[in-house]
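Chain residues, written in single-letter form:
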Amino acid sequence: MIPDKDMIEQPWMVYYLENIKASGYNRYIVLKMTHFISWTARDGNVYSSWVYMYGQEDNMLKDEIRSRSRMDTIYAENLKLSFFVMPTNPKIRKEDYIIIGEGEL
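Fair warning: this is a prediction, and the values are worked out from it, not measured in the lab. (Residues numbered from 1 in each chain as written. Predicted model: local features only at pLDDT ≥ 70, side-chain atom pairs only at ≥ 80, totals over all residues. Heavy atoms only, no water.)

## Quick look at the overall build of the protein chain
- Helices and strands together make up the secondary structure of the protein chain, namely zero helices and eight strands.
- For the protein chain, the exposed area adds up to about 8,900 Å²; of that, 53% sits on carbon and sulfur atoms. (Helix = DSSP H or I, 4+ residues; strand = E, 2+ residues; numbered from the N terminus. Areas by Shrake-Rupley, 256 points an atom, 1.4 Å probe, with all protein chains shown as cover.)

## A look at the sheet that holds strand S8 (residues 98-100)
- Overall, antiparallel pairing links the four strands, which are arranged S7-S6-S5-S8 in an open sheet. If you trace the sheet from one side to the other, it starts and ends with strand S7 (82-85) and S8, each paired once. Ignoring which end each strand starts from, the neighbouring axes of this sheet average 40° apart.
- As defined by bridge partners, strand S6 (residues 46-55) adjoins S7 across four bridges and the pair is classed as antiparallel. Across the sheet, residue Tyr54 finds its bridge partner in S7, namely Phe83. (Pairing = 2+ DSSP bridges. Axes fitted to C-alpha atoms, helices over the stretch in contact; angles between N-to-C directions.)

## Description of a nonpolar patch on the surface
- Among the surface-exposed residues, Ile2, Trp12, Val14, Leu17, Tyr28 and Val30 lie close enough to one another that they form a single nonpolar patch of about 570 Å² accessible area.
- Only strand S3 (12-18) and strand S4 (27-32) provide two or more residues apiece to the nonpolar patch.
- Within the secondary structure, Val30 sits in strand S4. (Patch = residues over 30% accessible without salt bridge, like charges linked within 9 Å, V, L, I, M, F, W, Y side chains within 5 Å. Salt bridge = Lys/Arg side-chain N within 4 Å of Asp/Glu carboxyl O.)

## Points about the pairing of strand S5 (residues 35-40)
- Alignment of S5 against S6, held across six bridges, turns out to be antiparallel. Across the sheet, Ile37 pairs through a bridge with Ser49, a residue of S6.
- Two successive antiparallel strands, S5 and S6, enclose a turn made up of five residues, where Gly44 displays a positive phi of approximately 90°.

## Some remarks on the side chain of Ser49
- Relative to the helices and strands, Ser49 is located in strand S6.
- Contact partners of Ser49, with chain neighbours within four places excluded, come to His35, Phe36, Ile37, Trp39, Met86 and Pro87. (Contact = heavy atoms within 4.5 Å.)

## Concerning the packing of aromatic side chains
- All chains considered together, the criterion is met by five aromatic pairs.
- Between Phe36 and Trp50, the ring centres sit 5.0 Å apart and the planes meet at 65°, which makes this aromatic pair edge-to-face. Taken together, the residues Phe36 in strand S5 and Trp50 in strand S6 connect sequence positions 14 residues apart.
- When its relative accessible area of 26% is taken as the criterion, Phe36 is described as partly exposed. (Phe/Tyr/Trp six-rings, centres within 6.5 Å; stacked < 30°, edge-to-face > 60°. Buried < 20%, exposed > 50% of the residue type's maximum accessible area, 1.4 Å probe, protein only.)

## Considering the environment of Met86
- Note that Met86 resides in the loop between S7 and S8.
- Between the C-alpha atom of Met86 and that of Leu31, which follows or precedes it by 55 residues, the distance is 9.7 Å.
- Aside from chain neighbours lying at most four places away, what touches Met86 is Met13, Ile37, Trp39, Ser49, Trp50, Val51 and Ile92.

## Thoughts on unusual backbone geometry
- Residue Met7 is not a glycine yet carries a positive backbone phi of 65°.
- The backbone phi angle of Glu95 is positive, close to 70°, even though this residue is not glycine.
- In this fold, Glu95 is placed in the loop between S7 and S8.

So, in C-alpha cells, the structure goes:
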C-alpha cells in the first residue's frame, strides 16, 4: 500500500525487475491493483487478495482479417477473456469460485 498525492493509500505490486545492463539503476515494473477478490479455498477458509485485472476489451483488432478470397474470417477475437495478475498464493487453485469486489469495491 503506497499513499498517492492525496495521501490515500493505494495498492501496488512489484511485477518484475527489468534488468537493463546499460542502465545505472534497476527498473521495476509495478502494477496498480484494480480489484479486490476473495475465494473459499479447499480447506474451507476464505482468503482475499488485491489483483490487477486486464483483458482484450480495448483491443484494436476486429474480426476483419480475412483470407484472400474474402470468404471467411481467419482470425476471430474472443473479447470475453479477462485475466488477473496477483501475488503468489498457494491457497488458490484452478476452478475455485472467486468473488470480485464487494459493495463499493
